[in-house]
Amino acid sequence: ERLLVLEDGERTGDLSSTSADHAVVIEPMTAQRLEVFRGPEAFLYGSGVLGGVVNVVRAYIPRSMPDRFRGMASGQIESVNRGTASAFSLEAPAGPFALRVDGSFRRAADQRTPVGRLRNTGITTYNPSLGLGYIRPRGSLGVAVGYYYTDYGIPGGFIGAHPNGVTVRLDRRHLEASGSLLPRGSFVRRIDARGTYSRYYHQEFESNGDLGVEFGVLAYHGSLIARTGGEGRLVRGAFGLWGEYRDYASSGLVFTPRSTEYTLAGFGYQEVDLHPLLLKAALRYDTRAITPAEEEDAVIGFIRRRRFDGLSAALQSELDLGAGFTAGALAMRALRMPSLEELFSEGPHLAAYSFEVGDPDLDIERGFGLEAYLRHTTRRLSLSLNAFDNRFEHYIFPRNTGRLDIRLLLPQYQTTGATARLVGAEAAGTWHFHPHFSASGHASIVRGTLTDTDEPLPWMPPFQGRLSLSYQRGPTHVGIGLRTAAGQERLGAFEEPTDGYAVVDIFYQRHFTQGRLLHTLNIGLNNATNATYRDHLSRVKSIMPEPGLNAKLLYQVYF
């Protein structure tokens, strides 16, 4: 979780961060907005967040009173997999209470590529939720319940994998309660308390219908955060506590022992305005304990209780240079504690095409990151440039050993800690060169190295870029874009090279009103030329390319 994905500011309780085949249990069609946190503010949410935090704001619990009955309905279709999706959300006032109901449903068949169908990639998902908020002028209380279910396929055709792949079924039952208080005349502007419970259940079926593995996780989260600001040079700030308790169990072919773990963290964040200089700082302390149900000597080592703790911190300075220019620098010390699976796994994972071997003696991953950036913003032009250098002690990753498990013919991956360095740069900009025309672009590159041996880190993306030209007049917005990537020849052990590519996308968007209704129509052609290309980070690139021509239509109405 070097890049942390949250829902309403909290972890989802799923297992998406443990393996590439595990879905994230967040439905984007009913999300209100996305928030991205980088630098010190990201440490409010985790200790290992060198890559930042992405927060999907679902707003299960209403925190403000709707002025009337209102809502949204949407429908989507796409051609590449004959996919359909629909969603709705409704909000209504009821005295001092605010009610929110939402739901979504999506279904798709196998994905099609320019060279054929990628079998066993269909999906069915549905996700209803209900929330109730008690809203008062000085605060609120609320509760919400939600359910997420998905059934999707993982393609086969790999060494050791079933020819017809694996089917994954998972569901999450979610309950949360929260409260907020707005103190009068205090440096503390808002106090938020929240508790969540999730029951996550995950099954993986082999092509003959047999249950291969199953996982169950009961997760409890609690947080208390005070947000401050507005006192002299001390502007936005926050401090608080966060805790997590997880009860993990698995069965079938996987041999990760049943375990419990708890994490407790205290943190603080503050911005200081010394105009033209803005300072941001964060400090966080985490302690985590992972306790297997039984201690034992195993082939991978001595499985026992492990405890980790440490301090993470970040400091950022940002200088207003005038004339629309801003320059900044950022230093971060991050800690990523080994996961249960990285410590204790020992067994096949057919959906991930691997035989996974943990290391009970893993240490904490310690990262030190430096970043510098320059931004320029005017009415017609916006530019940003940044470069980073992240160095790691005990960088944790699954190393391909080059060996096959003899019984299952699966490649064996050994969880390893090594010294590593990731260096990269990014540039983005938008130019409004005409009242109705604009051009934008983005480019990024990263280079990862195991510094002790000077070997390339595996699973590193190549140089990537994006260019687009768009026309906007009134409610109509149309454009064309080009996505590009260079070939990747700098490979980790046993990786395959990937050729470069260029892919064309076209879009059309229109907004219009009808009475009290706001309509939005989006039409898109992804991979408009039906180009055959492969993404270096794709787990299926060795058997099939990326999706072919995809015509999409999304319609939304707000009332």
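Reference entry: report on the structure contained in this document.

Here is what the cut-offs are and how they apply
- Residues numbered from 1 in each chain as written.
- Predicted model: local features only at pLDDT ≥ 70, side-chain atom pairs only at ≥ 80, totals over all residues.
- Heavy atoms only, no water.
- Patch = residues over 30% accessible without salt bridge, like charges linked within 9 Å, V, L, I, M, F, W, Y side chains within 5 Å.
- Areas by Shrake-Rupley, 256 points an atom, 1.4 Å probe, with all protein chains shown as cover.
- Salt bridge = Lys/Arg side-chain N within 4 Å of Asp/Glu carboxyl O.
- Buried < 20%, exposed > 50% of the residue type's maximum accessible area, 1.4 Å probe, protein only.
- Helix = DSSP H or I, 4+ residues; strand = E, 2+ residues; numbered from the N terminus.
- Polar contact = N/O pair within 3.5 Å; in protein donor to acceptor, adjacent residues only side chain to side chain.
- Contact = heavy atoms within 4.5 Å.
- Pairing = 2+ DSSP bridges.
- Axes fitted to C-alpha atoms, helices over the stretch in contact; angles between N-to-C directions.
- 1 Å grid on protein atoms, 1.4 Å probe; cavity = no way out; pocket = protein on both sides within 12 Å on 5 of 7 lines; lining within 4 Å.
- Points joined across faces, edges and corners; volume = space filled by probe spheres on them.
- Nonpolar A, V, L, I, M, F, W, Y, C, P; charged D, E, K, R; others polar.
- Phe/Tyr/Trp six-rings, centres within 6.5 Å; stacked < 30°, edge-to-face > 60°.
- Lys NZ or Arg CZ within 6 Å of the ring centre and 35° of its normal.

**A few points about a nonpolar patch on the surface**
Taken together, Phe97, Leu99, Leu130, Leu132, Tyr134, Leu141, Val143, Val145 and Leu175 make up a surface patch of nonpolar side chains, about 740 Å² in accessible area. Overall, the relative accessible area of 42% leaves Leu175 in the partly exposed class.

**Focus: unusual backbone geometry**
Here the residue pair His275 and Pro276 is connected by a cis peptide bond, since its omega of 10 degrees sits within 30 degrees of zero. A positive phi is found at Ala59, a non-glycine position, where the angle reads about 55 degrees. Note that Ala59 resides in the loop between β3 (52-57) and β4 (70-78). Look at Asn530: it is not a glycine, yet its phi comes out positive at around 55 degrees. Within the secondary structure layout, Asn530 lies in the loop between β32 (517-526) and β33 (550-558). Assessed through its relative accessible area of 35%, Asn530 is described here as partly exposed.

**What to know about the side chain of Thr520**
Within the element layout of this structure, Thr520 appears in strand β32. Here His511 takes part through its side chain, which lies 3.1 Å from a polar atom of the side chain of Thr520. In this structure Thr520 touches Arg510, His511, Leu554, Tyr555, Gln556 and Tyr558, once residues within four positions along its chain are discounted.

**A word on the sheet that holds strand β2 (residues 33-37)**
Spatial strand order, β1-β3-β2: three strands in an open sheet with mixed pairing. Each edge of the open sheet is held by one strand with a lone partner, namely β1 (3-7) and β2. Taken pair by pair, the neighbouring strands of this sheet meet at an average axis angle of 15 degrees, ignoring direction. Across five bridges, β2 lies against β3 in antiparallel orientation. Counted as the bridge partner of Leu34 is Val56 from β3.

**Thoughts on the layout of surface pockets**
By volume, the second largest pocket is sized at about 1200 Å³. Gln111, Thr121, Ile123, Gly153 and Pro547 are, among the 41 residues lining the second largest pocket, the residues nearest its centre. The element best represented in the lining of the second largest pocket is strand β11 (residues 139-154), accounting for five residues. Its residues assigned to classes, the lining of the second largest pocket comprises 20 nonpolar, twelve polar and nine charged.

**Some remarks on the pattern of salt bridges**
Opposite charge on two side chains permits them to pair, given that their charged atoms come into close proximity. Within the structure shown, the criterion is met by 34 salt bridges. For Arg483, the salt bridge is made with Asp505, and the minimal N-O distance between the two is 2.6 Å. Of this pair, Arg483 sits in strand β30 (residues 476-485) while Asp505 is found in strand β31 (residues 501-514), placing the two residues 22 residues apart along the sequence. Here Asp505 falls in the buried class, since its relative accessible area comes to 15%. One network of salt bridges, with partners in common, ties together Glu7, Arg58, Asp67, Arg70, Glu91, Arg100, Asp102 and Arg172.

**Some remarks on the environment of His202**
Tracing the backbone shows His202 in strand β13 (residues 188-205). On a C-alpha basis, the gap between His202 and Phe215 in space is 5.0 Å, while along the polypeptide they are 13 residues apart. If sequence neighbours within four positions are ignored, His202 has contacts with His22, Val168, Arg169, Leu170, Val213, Glu214 and Phe215. Of note is the side chain of His202, whose polar atom sits 2.8 Å from the side chain of Tyr200.

**With respect to the environment of Thr30**
Structurally, the position occupied by Thr30 is in the loop between β1 and β2. Residue Thr30 is classed as buried on the basis of its relative accessible area of 2%. A polar contact is formed between the side chain of Thr30 and the side chain of Arg58, at a distance of 3.3 Å.

**Here's the deal with the packing of aromatic side chains**
Under the defined criterion, the tally for this structure stands at 14 aromatic pairs. Look at Phe433 and Phe437: their rings are 6.2 Å apart centre to centre, the planes differ by 20 degrees, and that puts the pair in the stacked class. Judged by relative accessible area, which is 32%, Phe433 ranks as partly exposed. Residue Phe437 is classed as partly exposed on the basis of its relative accessible area, which comes to 32%. Members of the aromatic cluster, connected to one another through ring pairs, are Trp431, Phe433, Phe437 and Tyr471. Across from the ring centre of Phe205, 4.7 Å away, lies the NZ or CZ of Arg169, which sits over that ring.

Shape is all these values report; function is a separate question.
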